[in-house]
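This is what each chain is made of:
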Amino acid sequence: MPLTGSNKTIRFEKGESRRMIEFKNVYKTYPNGFTALKDVNLKIEQGEFVAIIGLSGAGKSTILRCINRMHDITKGTLTVDGVDVNSLRGAELRRYRRKVGMIFQSFNLVSRSTAIKNVLTADVPDMGFFRVLFGIFNKEQKMRALESLDKVGILDKAYTRCDQLSGGQQQRVALARTLNQNPKIILADEPVASLDPITARQVMQDFVRINKDYNISILLNIHHIDLALQYCDRVIGVRAGEIVFDGPASTITQEQIDYVYNGTKAPVLGNGE
Ligand SMILES: Nc1ncnc2c1ncn2[C@@H]1O[C@H](COP(=O)(O)OP(=O)(O)OP(=O)(O)O)[C@@H](O)[C@H]1O
Ligand SMILES: [Mg+2]
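Conventions we followed
Residues numbered from 1 in each chain as written. Chains lettered and ligands numbered in written order. Predicted model: local features only at pLDDT ≥ 70, side-chain atom pairs only at ≥ 80, totals over all residues. Helix = DSSP H or I, 4+ residues; strand = E, 2+ residues; numbered from the N terminus. Buried ≥ 20, exposed ≤ 12 C-beta atoms within 10 Å, placed from the backbone. Contact = placed C-beta atoms within 7 Å. Pairing = 2+ DSSP bridges. Axes fitted to C-alpha atoms, helices over the stretch in contact; angles between N-to-C directions. Parallel < 35°, antiparallel > 145°, perpendicular 65-115°, else oblique. Left-handed = near helix turned anticlockwise from the far one by under 90°. Near = placed C-beta within 6 Å. Nonpolar A, V, L, I, M, F, W, Y, C, P; charged D, E, K, R; others polar. Right-handed = clockwise from strand over helix to strand, strands pointing away.

Peer 1: Sorry, what's going on with the overall build of the chain here?
Peer 2: For the chain, the count of helices and strands is 9 helices and 10 strands. Counting only residues that meet the buried cut, the chain has 40% of its 273 residues in that class. A sequence separation of at least 24 residues applies to 68% of the contacts in the chain between residues at least 6 apart.

Peer 1: What am I meant to see in the sheet that holds strand β5 (residues 83-84) here?
Peer 2: Sheet strands associate in pairs through backbone hydrogen bonding, adopting either a parallel or an antiparallel arrangement. Ordered in space as β2-β1-β4-β5, the 4 strands form an open sheet in which the pairing is antiparallel. Each edge of the open sheet carries a strand with a single partner, namely β2 (35-45) and β5. Pairing of strand β4 (residues 75-80) with β5 involves 2 bridges; the strand directions are antiparallel. Paired with valine 80 across the two strands is valine 83, which belongs to β5.

Peer 1: Would you mind going over the packing of helix α5 (residues 139-151) against helix α6 (residues 167-180) with me for this structure?
Peer 2: A pair of packed helices is captured by two measures, namely the crossing angle of their axes and the spacing between those axes. Between α5 and α6, the least distance of the axes is 8 Å, while the angle of their chain directions is 130°. Regarding the angle of α5 to α6, the classification is oblique. Crossing of α5 over α6 shows right-handed handedness. Contacts from Arg144, Ala145, Ser148, Leu149 and Lys151 of α5 reach α6 at Ala176, Leu179 and Asn180.

Peer 1: Quick question: what am I supposed to make of the environment of threonine 178 here?
Peer 2: As for its placement among the helices and strands, threonine 178 is situated in helix α6. Taking the number of C-beta atoms within 10 Å as the measure of exposure, threonine 178 has 23 and is therefore buried. Apart from the residues lying within four places of it in its own chain, the contact partners of threonine 178 are Gly101, Ile103, Pro183 and Ile186.

Peer 1: What's the story with the pairing of strand β3 (residues 49-53) in this structure? I'm lost.
Peer 2: Every regular strand shows the same layout, with side chains that alternate between the two sheet faces. The buried fraction of β3 is high, at 5 of 5 residues. On β3, burial covers both faces: Phe49, Ala51 and Ile53 on one face and Val50 and Ile52 on the other are all buried. In the sheet, β3 pairs with strand β9 (residues 234-239) via 4 bridges, with the strands oriented parallel. Bridge pairing in β9 places alanine 51 opposite valine 235.

Peer 1: Explain the site of ligand 1 to me, please; I cannot follow it from the model alone.
Peer 2: Around ligand 1, a shell composed of Tyr30, Asn32, Phe34, Ala36, Gly54, Ser56, Gly57, Ala58, Gly59, Lys60, Ser61 and Thr62 is seen. The leading source of residues in the shell around ligand 1 is helix α1 (residues 60-67), at 3 residues. Of the residues contributing to the shell around ligand 1, the split by class is 4 nonpolar, 7 polar and 1 charged.

Peer 1: Explain the sheet that holds β3 to me, please; I cannot follow it from the model alone.
Peer 2: Read across the sheet, 6 strands follow the order β6-β7-β8-β3-β9-β10 without closing on themselves; strand pairing throughout is mixed. Single-partner strands in this sheet number two, and they are β6 (100-104) and β10 (242-248). Taking the axes of each pair of neighbouring strands and ignoring which way they run, one obtains an average angle of 15° across the sheet. Direction of pairing for β9 relative to β10: antiparallel, over a ladder of 6 bridges. Looking at the pairing, valine 238 lines up with isoleucine 243 of β10.

Peer 1: Is there a simple way to think about the pairing of strand β8 (residues 217-221) in this case?
Peer 2: For β8, the buried fraction is high: 5 of the 5 residues fall into the buried class. Side chains Ser217, Leu219 and Asn221 of β8 all project onto a buried face; the interleaved residues Ile218 and Leu220 project onto the opposite face, where all are buried too. For the handedness criterion, the β-α-β arrangement of strand β7 (residues 185-189), helix α7 (residues 197-214) and β8 is classed as right-handed.

Put into structure tokens, the structure is as follows:
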């Protein structure tokens, strides 16, 4: 049976896109009273590849955590794929979380398990207690997991333990695990921060391919501005909880970047709406 998931790739035209994420006047105040997001307004369409940049503590991770409902917003509305995220409870919330894949700097893999077992864990929320307990996955699930590994080019590592893989390969396993849950959105929190420059570029290229081939919206927090500009379509600059730049990566100026990081000049909004 062929495992070349890429053969079955369906390409979507950008024109077919629809609104995936919308923040309307969103505030996030943490329980200790610190307001990490202040009046955030943001619209992201299906299939966009967006970099979020800003100083440490600016609120980049908070934006991602609000989208995947790790945190509740305090004020305003946050709509994802037509759903008011803060209204979700129980099974609805679990279903929602499967639509939103999450990738971290630290990969978050079970290092003593094989790549395929890590990818199969994406299926666990839908499985019965005993099948999870005994790790019983059916043939169809295993084939799908192998296809996911194939999509990121590491099918040959399927039965290798993750602690024997390089950082770049581990990040690919994490990406395969996310793809295996068939997400509409991928949120990546500094996915290349712990990788060397060459591997970081390879992983960025994986994101580009996945974004283009499957029309999945990707939001990625990143400190490497050069990588953001080279690989992402749009840049959102966050400073002290506020969006101070939103525009195409191809047109951002050094002055605008400086404002995001230093705040030395007047805020300059791009034309990203
Ligand atoms: N659980 C929390 N409770 C209280 N304050 C928090 C919490 N999480 C984050 N913060 C604060 O909110 C602000 C934004 O944090 P966030 O993690 O979103 O920043 P960031 O832009 O992702 O930074 P970094 O680049 O260092 O990852 C920071 O001042 C941080 O200290
Ligand atoms: Mg962060």
